[in-house]
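Topology and contacts: notes
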Amino acid sequence: MESPTQTSEHIESMTEFLVKHYPDQLREISLSSDPKLHYPLFIEYAELVDDNPSLARQVFSDPEHYLRQFDDSAILAHKIALEHMKKFEEKIGIEKRFIHVRINTSGSPLERSPETFPSIGRVRVKHRGILMMLKGTVIRSGAVKMYEGEKMYRCRKCKHMFPIFPELESINSIVKPPFCPSQRSKACEGTNFDPVDDTVTRHDYQEIKIQENTQVLGVGVIPRSILVVLKDDLVDNVKAGDDVVVSGILTSKWSHDLKDVRCDLEPMLIANHVRRTNELKSEIDISDDLIEKFKNFWSHFRDTPLKGRNAILRGICPQVFGLFTVKLAVALTLIGGVQHVDASGTKVRGESHLLLIGDPGTGKSQFLKFAAKLSNRAVITTGLGSTSAGLTVTAVKDGGEWMLEAGALVLADGGLCCIDEFDSMREHDRATIHEAMEQQSISVAKAGLVTTLSTKTIVFGATNPKGQYDPDQSLSVNTALSGPLLSRFDIVLVLLDTKNPEWDAVVSSHILAEVQIEQDREVDDLTTIWPLPMLQRYIQFVKKNFRPVLSKEAEEIISSYYRLQRRSSTHNAARTTVRMLESLIRLAQAHARLMFRNEVTRLDAITAILCIESSMTISAIVDSMGNALHSNFSEEPDQEYAKQERSSLES
């Protein structure tokens with residue numbers, strides 16, 4: 001136990017550190033109007049390590065004790081800031097009672113060590129009691145509660161007053177010390193203590209559960225989760241589906257006392273600092289050399305841009321031969337358009353959705369898996385294995401309290417949700433994703449919990465046709481999917497396995513020669529095929545840095561095509577709604593991004609029209625009479641496009 005002298009020395013050095021490095025935050029807290037609020041004071045652990053290494057080491061090894069001292073020193077630093085303002089600025093601040101030091105450990109040595117930044121599945125007893133970091137996705141968030149915190153007690157014998165802190169491990173129970181803790185020259189040794197009236201500090205309290213990211217786990221590994229306790233200013237800062245990095249103290253609590261269930265100690269992290277990483281989801285590092293490589297690539301294909309585009313598309317699912325139509329659709333879906341917000345605040349989504357309808361063995365699941373690899377955040381599920389709760393959100397009861405637990409669409413927020421066997425979902429379950437796909441949110445009203453969760457995600461579905469595909473019937477009849485749901489997909493591609501001996505011979509040769517191709521392929525040669533890491537970085541770069549605007553010519557082409565379809569379409573009435581116009585704009589913007597441009601030109605508009613055309617029928621983009629399954633890469637794509645442009649504009 002520390003002596004009073006050591007405690008005062010530590011608090012003095014902490015106060016000095018806060019006044020020296022964070023005067024602006026202290027001034028801001030002083031000028032805030034509400035004295036009853038709990039205020040955070042954010043400090044950088046890396047700065048503490050540089051300024052006072054011994055203090056940083058003590059905070060790391062015994063955070064429970066030293067973080068309380070840091071909170072006390074924050075109050076002292078706040079009072080110094082008040083005096084300074086009154087003396088030099090002639091401003092009168094308001095004294096605050098509750099200031100909590102929040103230590104940001106990003107960029108510090110703690111972030112680089114697997115001992116202090118383990119995955120959730122590797123949390124062990126050795127981590128108990130140290131300052132550590134955990135990274136995961138919030139899958140459950142409880143209601144905000146209130147609990148009684150520290151309380152002052154007075155010794156009956158010597159009248160010494162001291163605080164007692166409740167133990168979260170034993171459900172916030174207060175354990176009195178065995179004898180008086182007064183550190184006088186002559187020990188008091190009193191054993192009877194009385195609570196002091198009006199000295200209870202009450203805190204806001206919330207429990208959330210975070211789960212490790214499934215994409216960093218191996219096949220067959222079950223993702224682990226851990227309970228996180230948020231207090232005071234940290235409550236209600238995160239919601240289900242958010243990616244977070246939490247730093248705090250690992251402790252444990254007794255599990256709920258249930259009949260015929262063994263009572264165990266559950267690990268629990270008491271959070272000191274929570275950092276949302278939703279905005280930083282693209283963790284892929286894109287260097288300046290790589291950006292220069294992208295620019296050089298497009299300058300090489302300045303005269304034949306479609307040849308350059310096709311070189312990029314060949315890198316998508318290279319193990320599947322041909323299928324140019326599908327590969328272009330996958331690229332445009334992953335890149336997406338630009339989100340638009342009108343004057344009334346209504347949002348028009350920028351994310352595109354793709355549905356593949358095809359016979360067994362046409363490579364649908366291969367494209368789903370590859371798209372998930374390309375996206376930096378992806379959730380793969382099947383229609384049969386997902387109920388509406390598994391896709392959207394479910395209400396679960398934990399210890400007598402209802403909580404919301406996020407499903408696949410919420411966990412894929414900001415990324416990609418792949419749903420295989422889309423047709424095997426029950427009709428009730430399909431209806432729940434209507435709002436998620438168009439409004440990009442899910443409204444929940446379950447077990448008295450009414451809220452809205454964000455689902456800003458790309459939906460990539462794959463399904464088999466209902467029986468034998470009949471080209472004379474509409475998509476709704478062939479797939480047993482409702483018209484409103486089909487209209488939400490920007491591109492719907494039909495892959496029919498028709499008997500074509502020439503095509504079968506070419507495909508079999510490609511599959512047998514794939515091993516040799518892998519051995520001979522040069523990774524650095526971007527003019528032929530792009531490797532997966534390069535594709536990931538390219539898609540992230542163009543999504544982040546390009547916001548294409550429609551040119552007048554592109555607007556006219558898209559508008560005239562939409563009007564023509566509205567007049568003539570009876571076969572696929574479910575597809576030719578105003579959503580089709582929005583889809584055309586999104587696909588044109590996505591193609592402009594793919595072509596490394598900030599303006600949507602005639603080329604992008606016509607490519608978007610060709611994509612929509614292939615959605616309406618079973619024809620391929622490069623062959624007006626062919627099958628999307630048999631669409632191959634053209635040797636001279638720019639000349640091929642010139643023919644398509646003429647036929648599109650004439651029609």
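Residues numbered from 1 in each chain as written. Predicted model: local features only at pLDDT ≥ 70, side-chain atom pairs only at ≥ 80, totals over all residues. Heavy atoms only, no water.

1. Remarks on the overall build of the chain
Counting its secondary structure elements, the chain contains 21 helices and 24 strands. Counting all 651 residues of the chain, 50% fall into the buried class. Considering only contacts in the chain between residues 6 or more positions apart, those separated by 24 or more positions represent 72%. With the model as given, the accessible surface of the chain reaches about 31,800 Å², and the carbon-plus-sulfur share is 52%. (Helix = DSSP H or I, 4+ residues; strand = E, 2+ residues; numbered from the N terminus. Buried < 20%, exposed > 50% of the residue type's maximum accessible area, 1.4 Å probe, protein only. Contact = heavy atoms within 4.5 Å. Areas by Shrake-Rupley, 256 points an atom, 1.4 Å probe, with all protein chains shown as cover.)

2. Let's talk about the side chain of His127
Residue position: His127 is located in the loop between α6 (109-112) and β3 (131-141). Only 3.1 Å separates the side chain of His127 from the backbone oxygen of Glu115, close enough to count as a polar contact. Filtering out sequence-adjacent residues up to four positions away, His127 remains in contact with Glu115, Pro118, Arg122, Met132 and Leu250. (Polar contact = N/O pair within 3.5 Å; in protein donor to acceptor, adjacent residues only side chain to side chain.)

3. Here's the deal with the nonpolar core
Grouped together as the largest cluster of nonpolar side chains are 72 residues, with contacts concentrated most on Ile316, Val330, Phe367, Phe460, Tyr538 and Leu594. Residue contributions to this core peak at nine residues, all from helix α9 (residues 324-335). The residue makeup of this core includes at least three contributed by each of domain 3 (288-346 + 531-650) and domain 4 (351-497). Apart from the residues within four sequence positions on either side, Ile316 is in contact with Lys327, Val330, Ala331, Phe370, Leu374 and Leu535. By size, the runner-up hydrophobic cluster in this structure holds 35 residues, among which are Ala240, Cys417, Met437 and Val494. (Core = buried A, V, L, I, M, F, W, Y, C linked by side-chain atoms within 4.5 Å. Domains from an automatic or database assignment.)

4. With respect to the sheet that holds strand β21 (residues 458-463)
Reading across from one edge, β15-β18-β21-β14-β22 is the order of the five strands in this open sheet, with parallel pairing throughout. Edge positions in the sheet fall to β15 (378-382) and β22 (491-495), since each has one partner strand and no second. Within the sheet, the average angular offset between the axes of one strand and its neighbour, ignoring direction, is 15 degrees. Seen against the sheet, α9 touches β14 (354-358), β18 (416-420), β21 and β22 and runs at an angle of roughly 155 degrees to β22. (Pairing = 2+ DSSP bridges. Axes fitted to C-alpha atoms, helices over the stretch in contact; angles between N-to-C directions.)

5. A closer look at the confidence of the model for the chain
For the chain, the mean per-residue pLDDT works out to 78, and 82% of the residues sit at or above 70. With pLDDT under 50 throughout, residues 519-523 is counted as low confidence; its partners more than four residues away or in other chains account for four contacts. Residue range residues 619-625 is modelled with pLDDT below 50. Its contacts to residues more than four positions away, or to other chains, number 22 contacts. (pLDDT = per-residue confidence, 0-100.)

6. Notes on the sheet that holds strand β5 (residues 151-155)
One key point about sheets: their strands pair by backbone hydrogen bonds, in either a parallel or an antiparallel sense. The strand order β6-β5-β7 describes an open sheet built from three strands, whose pairing is antiparallel. Two strands lie at the open edges of the sheet, namely β6 (161-164) and β7 (193-195), each paired on one side alone. The average undirected angle you get between the axes of adjacent strands in this sheet is 40 degrees.

7. What about unusual backbone geometry?
One non-glycine residue, Asp232, lies in the positive phi region at around 55 degrees. If you trace the backbone, Asp232 turns up in the loop between β9 (225-231) and β10 (243-254). Of the residues examined, Asp232 reaches a relative accessible area of 7% and is grouped as buried. With phi around 60 degrees, Asp236 is a residue other than glycine that occupies positive phi space. Mapped onto the elements, Asp236 comes out in the loop between β9 and β10. The exposure class of Asp236 is exposed, given its relative accessible area of 57%.

8. Looking at the packing of aromatic side chains
Within this structure, the stated rule accounts for 14 aromatic pairs. Relative to Phe596, the ring of Tyr538 has its centre 6.0 Å away and its plane inclined at 15 degrees; by these criteria the two rings are stacked. Taken as a pair, Tyr538 in helix α17 (residues 532-545) and Phe596 in the loop between α19 (578-594) and β24 (599-600) lie far apart in primary sequence, 58 residues in all. Residue classification places Phe596 among the buried residues on the basis of a relative accessible area of 16%. Taken together, the ring pairs connect Phe294, Phe297, Trp298, Phe301, Trp530, Tyr538, Phe541, Phe546 and Phe596 into an aromatic cluster. The lysine or arginine in question, Lys96, covers the ring of Tyr39, its NZ or CZ lying 5.7 Å from the ring centre. (Phe/Tyr/Trp six-rings, centres within 6.5 Å; stacked < 30°, edge-to-face > 60°. Lys NZ or Arg CZ within 6 Å of the ring centre and 35° of its normal.)

9. Structural notes on the packing of helix α10 (residues 364-374) against α17
Look at α10 against α17: their axes get within 9 Å of each other, and the N-to-C directions meet at 65 degrees. In this structure, α10 uses Phe370, Lys373 and Leu374 to contact α17, whose residues at the interface are Leu532, Leu535, Gln536 and Ile539.

10. Topic: helix α4 (residues 53-61)
Of the residues making up α4, those classed as buried are Leu55, Ala56 and Val59. One side of α4 carries all its buried residues, which in axial view fall inside an arc of 100 degrees. (Arc of directions from axis to C-beta.)

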